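If you want the building blocks of each chain, they are given just below.
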Amino acid sequence: MTVAIKIWVDADACPNLIKTVLFRVAQKRQLELLLIANQSIAAPPSRYIKSIRVSGGFDVADDYIVEHLRAGDVAITGDIPLAAKIIAKQGFVINPRGEAYTAENIGEKLAMRDFMEGLRDNGLAAGGAAAMTAKDVQNFANALDRLLVARQI
């Protein structure tokens with residue numbers, strides 16, 4: 001008997017446009033979609049979509065995902081340290097702009113994240129990610145579809 005994969009969403013920072021794509025995918029493919037956040041997250045009524053509110057606090061939602069995710073599950077997050085933990089558990093990770101984090105690239109992503117954080121902490125860099133565009137949403141939808149097709153889901 002095969003166990004169906006779950007899609008875990010680091011929902012506190014996940015853009016609404018990406019959640020909308022995920023809602024459609026969960027319904028169409030009949031996959032369990034779990035939105036994990038430390039605040040209430042609106043979700044359409046569906047037997048496949050569940051919003052789980054965890055207590056507030058640093059990394060509580062991340063820890064919940066890591067604790068409950070199984071090998072082969074898919075996670076949606078832009079949080080690179082969380083992505084590294086998911087990859088260590090043999091999960092698959094896509095960020096909201098459609099970039100896959102893998103065992104091959106996560107070390108470089110962590111190093112760059114730490115480098116940029118150091119620059120920001122010292123006032124040598126400012127700003128964050130650019131606003132989400134329609135192209136980003138399409139890249140995400142395509143990346144998720146490629147992953148699910150490759151895994152025959």
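Residues numbered from 1 in each chain as written. Predicted model: local features only at pLDDT ≥ 70, side-chain atom pairs only at ≥ 80, totals over all residues. Heavy atoms only, no water.

### Side note on unusual backbone geometry
Quick note on the threshold: Each helix is a run of DSSP H or I of at least 4 residues and each strand a run of E of at least 2, with the numbering of both proceeding from the N terminus. Relative accessibility decides the category of a residue: with a 1.4 Å probe and only protein chains considered, values under 20% of the type maximum give buried, values over 50% give exposed, and everything between is partly exposed.
Its identity is not glycine, yet Gln-30 carries a phi of approximately 55°, on the positive side. With respect to the helices, strands and loops of the structure, Gln-30 is situated in the loop between helix 1 (16-29) and strand 2 (32-37). Despite not being glycine, Gln-90 shows a phi value in the positive range, around 65°. Of the residues examined, Gln-90 reaches a relative accessible area of 58% and is grouped as exposed.

### With respect to the confidence of the model for the protein chain
Convention followed: Every residue is assigned a pLDDT by the predictor, reflecting its confidence on a scale from 0 to 100.
Summarising the model, the protein chain shows a mean pLDDT of 89, and 89% of its residues fall at 70 or more. Mean pLDDT across the secondary structure elements of the protein chain bottoms out at helix 4 (residues 106-121), with 68, and peaks at strand 4 (residues 74-76), with 98.

### Here we look at the pattern of salt bridges
Counted only if it meets this: Each reported salt bridge corresponds to a side-chain nitrogen of Lys or Arg within 4 Å of a carboxyl oxygen of Asp or Glu.
Per the stated rule, a full pass over the model turns up three salt bridges. Arg-97 serves as the salt-bridge partner of Asp-136, at 2.5 Å between the closest nitrogen and oxygen. Note that Asp-136 is positioned in helix 5 (residues 134-150) and Arg-97 in the loop between strand 5 (92-94) and strand 6 (100-101), a separation of 39 residues in sequence.

### Digging into the environment of Arg-47
Within the secondary structure, Arg-47 is located in the loop between strand 2 and strand 3 (49-53). On the basis of relative accessible area, Arg-47 is assigned to the exposed category, the value being 74%. C-alpha separation for the pair Arg-47 and Gln-30, spaced 17 residues apart in sequence, amounts to 8.8 Å.

### Comments concerning the environment of Ser-46
Convention followed: Identification of polar contacts relies on pairs of N or O atoms within 3.5 Å, with a donor-acceptor requirement for protein atoms, meaning one able to donate a hydrogen and the other able to accept it, and with residues adjacent in sequence counted only if both atoms are side-chain atoms.
In this structure, Ser-46 sits in the loop between strand 2 and strand 3. Each C-alpha atom, one on Ser-46 and one on Phe-23, is 8.9 Å from the other, the two residues being 23 residues apart in sequence. A distance of 3.0 Å separates a polar side-chain atom of Ser-46 from the backbone nitrogen of Tyr-48.

### Side note on the sheet that holds strand 6
We apply this condition: Being paired, for any two strands, means DSSP has found at least two bridges between them. Any pair of residues with heavy atoms lying within 4.5 Å of one another is described as a contacting pair. Orientation is described by lines fitted to C-alpha atoms, with helices fitted over the stretch in contact, and by angles between N-to-C directions that extend from 0 to 180 degrees.
Pairing is mixed across the open sheet formed by six strands, whose spatial order is 3-2-1-4-5-6. Each having just a single partner strand, strand 3 and strand 6 make up the two edges of the open sheet. Here five bridges tie strand 2 to strand 3, and the two strands are oriented parallel to one another. Across the sheet, Leu-34 pairs through a bridge with Lys-50, a residue of strand 3. The sheet strands contacting helix 1 are strand 1 (6-10), strand 2, strand 3 and strand 4, and the helix crosses strand 2 at an angle near 150°.

### Section: the side chain of Lys-19
Rule in force here: Charged-residue counts in this description rest on Lys and Arg as positive and Asp and Glu as negative, His and the chain ends being excluded.
Looking at where Lys-19 falls in the secondary structure, it is placed in helix 1. Of the side chains with opposite charge, Asp-12 comes closest to the buried, unpaired Lys-19, at an N-O distance of 7.6 Å.

### Some words on helix 2 (residues 60-68)
Put simply, the test is: Taken from the helix axis, the directions to the C-beta atoms give the arc we talk about.
Within helix 2, burial applies to Ala-61, Asp-62, Ile-65 and Val-66. In an axial view of helix 2, the angular spread of the buried residues amounts to 135°, which keeps them on one side of the axis.

### A closer look at the pairing of strand 1
The element strand 1 is extensively covered by neighbouring structure, given that five of its five residues are classed as buried. The side-chain alternation of strand 1 yields two buried faces, one formed by Lys-6, Trp-8 and Asp-10 and the other by Ile-7 and Val-9. Across five bridges, the pairing between strand 1 and strand 2 is parallel. Opposite Val-9, over in strand 2, you have Leu-35 as the bridge partner.

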